[in-house]
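Okay, here's what each chain looks like letter by letter:
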Protein chains: 2
Amino acid sequence: MSVFSAESAVQRRDDSGVYDTALSERWAIGGKPNGGYTLSIIARAACEAVGAEHPLAVSAHYLRAPGSSAAEVRTEVVRSGRRVSSARATLWQNDKPQIDALVSTGRLPSGPPEWMSRPAPDLPPPEECVPPGTEKFQLEIFDRVDLRIDPATSPFPKFTGDPTIRYWFRLHDLSEPDPFSLLVAVDAAPPTVFNLQRYGWAPTVELTVLLRGLPEPGWLRCESTTRMMSDGWFDEEASVWDATGRLVAQSRQLALVGERPKKD
Amino acid sequence: MSVFSAESAVQRRDDSGVYDTALSERWAIGGKPNGGYTLSIIARAACEAVGAEHPLAVSAHYLRAPGSSAAEVRTEVVRSGRRVSSARATLWQNDKPQIDALVSTGRLPSGPPEWMSRPAPDLPPPEECVPPGTEKFQLEIFDRVDLRIDPATSPFPKFTGDPTIRYWFRLHDLSEPDPFSLLVAVDAAPPTVFNLQRYGWAPTVELTVLLRGLPEPGWLRCESTTRMMSDGWFDEEASVWDATGRLVAQSRQLALVGERPKKD
């Protein structure tokens with residue numbers, strides 16, 4: 001079992017649809033569990049609840065910012081179908097709903113796509129790319145996630161003026177990508193708006209991920225970008241291609257620009 | 001009150017968070033209420049439940065295909081905040097959950113954006129664009145929605161080979177756009193995959209809409225496009241700009257290619 005699988009595992013409590021979990025401090029940024037990491041835990045619980053192999057579409061509204069400690073995922077199956085089954089799944093901690101999600105599940109395709117609008121972007125090889133962050137930031141998650149940013153798109157040491165970041169993603173334990181680690185990949189890079197000189201904690205309000213295919217082994221190639229920043233809000237969409245160049249995940253989030261973390 | 005407001009209205013039943021509504025046959029395609037139209041009803045109920053002015057992010061999983069008849073929206077407020085309040089909202093009909101949604105609400109910005117990645121696309125003027133459909137399709141909704149497709153992108157009379165459709169949108173009663181009609185605008189055009197020669201009913205599994213600004217009066221300029229079609233699945237994302245050229249809505253959906261409607 002990979003380190004990621006172990007640290008994002010859920011334990012069925014009983015017949016009530018509740019799953020116990022522990023949010024690991026190893027997948028946090030500045031003490032707060034990463035949003036993609038918590039989403040992978042929620043998706044695992046939803047898939048177990050409906051008895052499905054893979055998440056297909058995961059929509060999450062981040063109500064509060066949970067801490068790195070015990071939590072539970074409360075699930076409710078709302079439809080069991082031939083091709084798609086769906087569940088509600090909410091991460092609870094300290095007697096409050098923290099992240100509310102809807103998860104549609106099924107079986108991801110593994111063959112080549114019939115049609116793709118554009119190929120995976122070009123990036124310099126991983127060894128010519130740079131890990132994120134500076135000494136100013138606590139970046140616990142990067143002990144687990146090996147992220148390599150194309151230097152031409154990196155907001156460190158200086159913002160680029162273009163809110164696009166291209167990066168390689170794999171797990172430090174070298175376990176191969178799966179649909180759950182794709183949920184981490186879409187939200188692992190620094191906020192795109194760092195490249196517009198808007199540094200600071202950028203809380204996600206909503207994040208939806210579409211899973212499009214079972215990733216083949218190897219590095220994931222990722223691109224995140226922003227269409228508009230307005231009145232303190234920005235969107236951030238990420239695309240993930242596997243080692244064969246197939247699009248395997250698409251995400252979009254609505255987030256707030258550069259706030260400091262605060263107590264709920 | 002506009003025809004749209006009247007036909008997408010919700011009535012608070014009591015203190016239980018339930019809202020009564022009627023899905024109008026006038027906003028249907030082939031007898032089935034349009035997915036953006038039903039989403040506008042769900043969003044209205046959620047905004048009323050939390051006491052907020054505008055939806056900011058609406059994520060919906062389409063479990064079943066409701067009919068054009070009475071329905072109810074069951075809401076539950078999960079967070080009341082200064083800037084964002086959130087609710088769960090589920091459309092029920094015939095004692096079954098039909099569409100499950102999460103809605104984050106607040107107040108939409110009305111000023112100019114600080115940053116936009118690209119301007120609104122060029123389209124020929126509305127009078128040089130064409131309404132959708134052919135005699136083969138029942139298109140009830142187009143008595144309510146005035147949709148004009150750029151002929152260069154129209155899948156009628158012949159598919160183009162590029163799953164991108166650019167269109168103008170306004171309501172036939174000439175009422176001005178609001179955040180709720182934006183939810184209709186993102187899902188009103190023919191499926192993009194018609195342009196890949198994949199005709200037929202394309203059921204939405206998941207649809208998320210980010211509202212980005214209060215639209216100014218006038219025609220909405222829209223573009224829908226697809227990144228990948230694979231194993232019968234396709235994504236469709238729509239962008240909507242108001243008459244001043246500001247991006248006011250972004251959506252993405254996961255849908256199934258060309259199925260015939262069937263009973264649940």
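Our structure is the block above this text.
Residues numbered from 1 in each chain as written. Chains lettered and ligands numbered in written order. Predicted model: local features only at pLDDT ≥ 70, side-chain atom pairs only at ≥ 80, totals over all residues. Heavy atoms only, no water.

Enquirer: What should I look at first to understand the overall build of chain A in this one?
Expert: What chain A contains, in helices and strands, is three helices and 16 strands. Its C-alpha radius of gyration of 17 Å places chain A within 12% of the 18 Å reference for a compact globule of 264 residues. Principal-axis analysis of the C-alpha atoms places the extent of chain A at approximately 50 × 45 × 35 Å. Among the 264 residues that make up chain A, the fraction classed as buried is 62%. The contacts of chain A with a sequence gap of at least 6 include a subset with a gap of at least 24, amounting to 69%. Averaging the positions of the 29 positive and the 35 negative side-chain charges in chain A gives two centres separated by 3 Å. (Helix = DSSP H or I, 4+ residues; strand = E, 2+ residues; numbered from the N terminus. Rg over C-alpha atoms; globule rule 2.2 N^0.38 Å. Buried < 20%, exposed > 50% of the residue type's maximum accessible area, 1.4 Å probe, protein only. Contact = heavy atoms within 4.5 Å. Lys, Arg positive; Asp, Glu negative; His and termini not counted. Charge placed at Lys NZ, Arg CZ, Asp CG, Glu CD.)

Enquirer: How should the interface of chain B and chain A be read in this particular structure?
Expert: Interfaces are often described in size by the accessible area the parts lose on coming together. The partner chain A presents 58 residues to the 58 residues of chain B that form the contact. Between chain B and chain A, a total of about 5,400 Å² is buried, with carbon and sulfur atoms accounting for 51% of that surface. When residues of chain B are sorted by the area they lose upon contact with chain A, Trp115, Arg227 and Met228 of chain B head the list and together hold 15% of the total. Counting the contacts that link chain B with chain A gives eight salt bridges. The residue Glu237 of chain B makes a salt bridge to Arg252 of chain A at a minimum N-O spacing of 3.6 Å. Between the two partners, chain B and chain A, sit 38 residue pairs in polar contact (both at pLDDT 80 or more). Per element, the largest residue contribution to the side of chain B that touches chain A is seven residues, and it comes from strand 16 (residues 247-256) of chain B. (Buried area = accessible area lost by both parts, 1.4 Å probe. Salt bridge = Lys/Arg side-chain N within 4 Å of Asp/Glu carboxyl O. Polar contact = N/O pair within 3.5 Å; in protein donor to acceptor, adjacent residues only side chain to side chain.)

Enquirer: Just to check I follow, could you spell out the side chain of Ser104 of chain B for this structure?
Expert: Inspection of the secondary structure assignment puts Ser104 of chain B in strand 8 (residues 96-106). Among the polar contacts listed, one links the side chain of Ser104 of chain B to the side chain of His61 of chain A, at a separation of 2.8 Å. Of the polar contacts made by the side chain of Ser104 of chain B, one reaches the side chain of Ser86 of chain B; its length is 2.9 Å. Setting aside anything within four residues of it in sequence, one finds Ser104 of chain B in contact with His61 and Val205 of chain A together with Pro55, Leu56, Ala57, Val84, Ser85 and Ser86 of chain B.

Enquirer: Looking at this model, I keep getting lost on the packing of aromatic side chains. Mind explaining?
Expert: In total, this model carries 10 aromatic pairs over all chains according to the counting rule given. Ring geometry for Trp27 of chain B and Tyr37 of chain B: centres 5.4 Å apart, planes at 10°, overall stacked. Taken together, the positions of Trp27 of chain B in the loop between strand 2 (18-22) and strand 3 (28-29) and Tyr37 of chain B in helix 2 (residues 35-50) put the pair 10 residues apart, joining distant regions of the chain. Of the two residues, Trp27 of chain B and Tyr37 of chain B, both sit in the buried class. The structure contains a cluster of three or more aromatic residues connected by ring pairs, namely Phe4, Trp27 and Tyr37 of chain A. The ring centre of Phe180 of chain A lies 4.6 Å from the NZ or CZ of Arg44 of chain A, which sits over that ring. (Phe/Tyr/Trp six-rings, centres within 6.5 Å; stacked < 30°, edge-to-face > 60°. Lys NZ or Arg CZ within 6 Å of the ring centre and 35° of its normal.)

Enquirer: Please clarify how the relation of the copies chain B and chain A should be interpreted in this entry.
Expert: The two chain copies are related to each other by a rotation about an axis together with a translation along it. Superposing chain B onto chain A requires a rotation of 180° together with a translation of 0.0 Å along the rotation axis, leaving an RMSD of 0.0 Å. What we have between these two chains is a two-fold relation. Residue Ser59 of chain B of chain B places its C-alpha closer to the rotation axis than any other residue of that unit, at 3.1 Å. Most of the interface of chain B is mirrored in chain A, where 100% of its interface residues are also at the interface. (Least-squares fit on C-alpha atoms with pLDDT ≥ 70 in both.)

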